[in-house]
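Residue-level listing of the chains:
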Amino acid sequence: QQQQQQQQYERQQAAHFLLEIGICGGCGHKEGKCAEAVAALVSAGALPWEALCAALAPFLAGIADLKLDAPRADKFLSVLLARLLLCAYSAEGSSFEPRLLKVIFGQAAKQKPNEGGEEDLMFGLLLEALQQLSEFAGADLAQLAASRREVSGALRAAGRRSRRGLPQMLRERGLLRPRSRTEEAM
């Protein structure tokens, strides 16, 4: 029991250090490589989802303050979320990792309107992650991710968008296909 707790703590610390490297890296090349490395470690099972999500939550919770010290922190976090969504969806079973979605939705839902700009930061981070996902794996996967209840819920919570307003905005950004006439008739 104690050994398991120690291992869990060490994994969470390792995830925290990897996230700090990506956040404080300072240039796009390092951020992208670090995000890719973290996602590869998670995908291979070397870094458990639990440890990563536990380490990621405080960074997402304090993104406005984080950006003061590391102006490109949101860029790294959006690339990381895109990579994690990609590896979670590419994993066997083709489903998103629920713990990751819980962390994302939880932080988005906690944001208060106009509280230090965090609403805009979290909403922007989620949109950028979907745009990155589209670049990495194509528009179909980004659309699939955006249509997930948890992801669309996080976007609505962070961006204070309605159920109708969000799809329209995502279509305008090319993250959802235009509605077909059949869908409109429903």
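Computed from a predicted structure; not experimentally measured.

### Brief notes about the nonpolar core
Here comes step 1: In terms of nonpolar packing, the biggest core is built from 59 residues, with L77, L84, L100, L155 and L170 touching the most fellow members.
Here comes step 2: In terms of residues, this core owes the most to one element, helix α5 (residues 73-90), which gives 11 residues.

### Brief notes about the environment of M169
Here comes step 1: Mapping M169 onto the fold places it in helix α10 (residues 165-172).
Here comes step 2: Judged by its relative accessible area of 8%, M169 falls in the buried class.
Here comes step 3: The residues touching M169, leaving out its near neighbours within four places in the chain, are F123, L127 and R161.

### Concerning the packing of helix α1 (residues 2-24) against helix α3 (residues 49-61)
Here comes step 1: The N-to-C vectors of α1 and α3 enclose an angle of 45°; their axes lie 8 Å apart at closest approach. Classified by the angle their axes make, α1 and α3 are oblique. Remark: the crossing between α1 and α3 carries right-handed chirality. Between α1 and α3, the contacting residues are R11, Q12, A15, H16, L19, E20 and I23 on the first element and A51, L52, A54, A55, L56 and F59 on the second.

### Side note on α1
Here comes step 1: For α1, which comprises 23 residues, the first-to-last C-alpha distance of 33 Å matches the rise-based estimate of 33 Å (1.5 Å per residue) to within 8%.
Here comes step 2: What α1 keeps buried is the set A15, L19, G22 and I23.

### Considering the confidence of the model for the protein chain
Here comes step 1: Mean pLDDT over the protein chain stands at 79; residues scoring 70 or higher make up 79%.
Here comes step 2: By mean pLDDT, the top-scoring element of the protein chain is α1 (91), and the lowest-scoring one is helix α11 (residues 181-185) (42).
Here comes step 3: Confidence drops under a pLDDT of 50 for residues 181-186, and excluding neighbours within four residues, the segment shows 2 contacts in the predicted structure.

The rules behind these values
Residues numbered from 1 in each chain as written. Predicted model: local features only at pLDDT ≥ 70, side-chain atom pairs only at ≥ 80, totals over all residues. Heavy atoms only, no water. Core = buried A, V, L, I, M, F, W, Y, C linked by side-chain atoms within 4.5 Å. Buried < 20%, exposed > 50% of the residue type's maximum accessible area, 1.4 Å probe, protein only. Helix = DSSP H or I, 4+ residues; strand = E, 2+ residues; numbered from the N terminus. Contact = heavy atoms within 4.5 Å. Axes fitted to C-alpha atoms, helices over the stretch in contact; angles between N-to-C directions. Parallel < 35°, antiparallel > 145°, perpendicular 65-115°, else oblique. Left-handed = near helix turned anticlockwise from the far one by under 90°. Expected span 1.5 Å × (residues − 1). pLDDT = per-residue confidence, 0-100.

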